[in-house]
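Remarks on the overall topology
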Amino acid sequence: TARPERDTMALYLYDPSTDKLADKPLLASPQFDIAPTLIQRNGRVVGARFLIDAVVTHWFDDEMKAHQAVVDKLLPATTNLLTPARRGDSPWMLLEAFSDVQPRHFLLYHAATRRITRLGAEHPDVKAADMSAMDLVRYKARDGLEIPAFLTLPRSAEVKKNLPLIVYVHGGPWARGPGWRWQGDVQFLASRGYAVLQPEFRGSVGFGDRHFRASFKQWGLAMQDDLADGARWAIAQGIADPKRICIMGASYGGYAML
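First, a word on scope: everything that follows refers to the structure included in this document. (Residues numbered from 1 in each chain as written. Predicted model: local features only at pLDDT ≥ 70, side-chain atom pairs only at ≥ 80, totals over all residues. Heavy atoms only, no water.)

**Considerations on helix α1 (residues 62–74)**
Taking 1.5 Å of rise per residue, the 13 residues of α1 would be expected to cover 18 Å, and the 19 Å separating its terminal C-alpha atoms lies within 8% of that figure. Looking at α1, one finds that the buried residues are M64, H67, Q68, V70 and V71. One side of α1 holds all its buried residues, which, seen down the axis, span an arc of 160°. Of the residues in α1, the exposed ones pointing more than 90 degrees away from the buried face are D62 and K73. Of the surrounding secondary structure, the elements contacted by the buried residues of α1 are β3 (37–41), β5 (55–59), β6 (79–83), β7 (92–98) and β8 (105–110). (Helix = DSSP H or I, 4+ residues; strand = E, 2+ residues; numbered from the N terminus. Expected span 1.5 Å × (residues − 1). Buried < 20%, exposed > 50% of the residue type's maximum accessible area, 1.4 Å probe, protein only. Arc of directions from axis to C-beta. Contact = heavy atoms within 4.5 Å.)

What follows is the structure in structure tokens.
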């Protein structure tokens, strides 16, 4: 992974005999750093799994691409992470399925029969239909820097306007928020009628070098402005009631809260 003359990290082929990267990356995004976990099978790299707004898998192997397509057709409402055996030729593959409204389900996929068998689930009593959707939004901070954020609006609200808002600040700060997935605390707050905004303020990793470096010597300054500007954005959009806004977080999020 490298960022030669790029803002975001990308995945390249590297030739150790010439000490050079390939001219073009294998995987790249203009908005997100690509820092993959490589998926191997019998000594070959068959895929790469990485986080952009959500976790995705890019398959280099045509057979695995075909299996992924089958699984995604069978389970269209979830992110489906398919993992083959690292060694051997077993037809069984581990499958994790989840979304913003569904905790992780663990399943087995059989490559020969293309059947899926359920193993178990985290929080099996959670009903996806009762949960609140999460969306990636972007707003401008006062100095013009674009701030990504995840917004969850309460499913129960008849009108998604003038809601009480919680600005939920992740830890680190040189870390990243949870991304697009089911989060119990966020869903609990949404179930009580709160809108929840989770800013990826400057210094959050995974959004390029410029976004990260903009936090240098800005703890409690521009980093804090990013949070306030997120609340102001939500007010301007008509989402948040300006008289009912609060902030919460742990670790760095706790310092930001104080």
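Still more to cover.
**Side note on the pairing of β6**
Looking along a regular strand, one sees side chains alternate from face to face of the sheet. Burial analysis of β6 places four of its five residues in the buried class, which makes it a mostly covered element. Two elements, β6 and β7, share five bridges in a ladder whose sense is antiparallel. Within β7, the position partnered with T83 by the bridge is L94. (Pairing = 2+ DSSP bridges.)

**Here we look at the pattern of salt bridges**
As enumerated under the stated definition, the model contains 13 salt bridges in all. A salt bridge links R3 to D33, with the shortest nitrogen-to-oxygen separation between them at 3.4 Å. Residue R3 is found in the segment before β1 (14–15), and its partner D33 is found in the loop between β2 (20–21) and β3; the two are separated by 30 residues along the sequence. Overall, the relative accessible area of 26% leaves R3 in the partly exposed class. One salt bridge in this structure joins R213 and D209, with 2.8 Å as the shortest N-O distance. Placement of both R213 and D209 in helix α3 (residues 209–213) is noted, with a separation of four residues, approximately one turn of the helix. Residue R213 is classed as partly exposed on the basis of its relative accessible area of 48%. The network of salt bridges with common partners includes R142, D225, D229 and R232. (Salt bridge = Lys/Arg side-chain N within 4 Å of Asp/Glu carboxyl O.)

**Observations regarding the side chain of D61**
Structurally, the position occupied by D61 is in the loop between β5 and α1. You can call D61 buried: its relative accessible area is 12%. Engagement of the side chain of D61 in a polar contact is seen with the backbone nitrogen of M64, the distance being 2.9 Å. The contacts of D61, once residues within four sequence positions are left out, are R44 and V46. (Polar contact = N/O pair within 3.5 Å; in protein donor to acceptor, adjacent residues only side chain to side chain.)

**A word on the environment of D143**
Position of D143 relative to the elements: it lies in the loop between β10 (134–140) and β11 (146–152). Separated by 79 residues in the primary sequence, D143 and A222 have C-alpha atoms spaced 8.6 Å apart. Side-chain polar atoms of D143 contact the backbone nitrogen of L145, separated by 3.2 Å. Among the polar contacts listed, one links the side chain of D143 to the side chain of R202, at a separation of 2.8 Å.

**So, the nonpolar core**
Among the nonpolar cores identified, the biggest contains 24 residues, and L165, V169, L197 and W233 are the most heavily contacted of them. Elements that contribute at least two residues to this core include exactly β10, β11, β12 (163–169), β13 (195–199), α4 (222–236) and α5 (252–257). Ranked by residues supplied to this core, first place goes to α4 with five residues. Ignoring any residue separated from it by four or fewer positions in sequence, one finds W233 in contact with V137, R138, Y139, L151, L197 and I239. (Core = buried A, V, L, I, M, F, W, Y, C linked by side-chain atoms within 4.5 Å.)

**Concerning empty space enclosed by the protein**
To locate leftover empty space, one rolls a probe as large as a water molecule over the atoms. Applying the stated criterion across every chain, the model contains one cavity of 30 Å³ or more. Of the pockets and cavities examined, the largest cavity occupies roughly 50 Å³. In terms of lining residues, the largest cavity is bounded by F150, Y168, H170, G177, P178, G179, Q183, Q198, P199 and E200. By residue class, the composition of the lining of the largest cavity is four nonpolar, five polar and one charged. (1 Å grid on protein atoms, 1.4 Å probe; cavity = no way out; pocket = protein on both sides within 12 Å on 5 of 7 lines; lining within 4 Å. Points joined across faces, edges and corners; volume = space filled by probe spheres on them. Nonpolar A, V, L, I, M, F, W, Y, C, P; charged D, E, K, R; others polar.)

**So, a nonpolar patch on the surface**
On the surface, L13, L26, L38, V45 and F60 cluster together into a nonpolar patch covering about 410 Å² of accessible area. You can see V45 is positioned in strand β4 (residues 44–51). (Patch = residues over 30% accessible without salt bridge, like charges linked within 9 Å, V, L, I, M, F, W, Y side chains within 5 Å. Areas by Shrake-Rupley, 256 points an atom, 1.4 Å probe, with all protein chains shown as cover.)

**Concerning the sheet that holds β5**
Here we have three strands laid out as an open sheet, ordered β3-β4-β5, and antiparallel in their pairing. Taken across any chain shown, the strands that pair with only one partner, and hence form the sheet edges, are β3 and β5. Each strand axis lies, on average, 25° off the axis of its neighbour in the sheet, ignoring direction. Sheet topology note: the β4/β5 ladder contains five bridges and is antiparallel. Bridge assignment links L51 to a residue of β5, and that residue is V55. (Axes fitted to C-alpha atoms, helices over the stretch in contact; angles between N-to-C directions.)

Remember, this is a structural readout, not a statement about activity or role.
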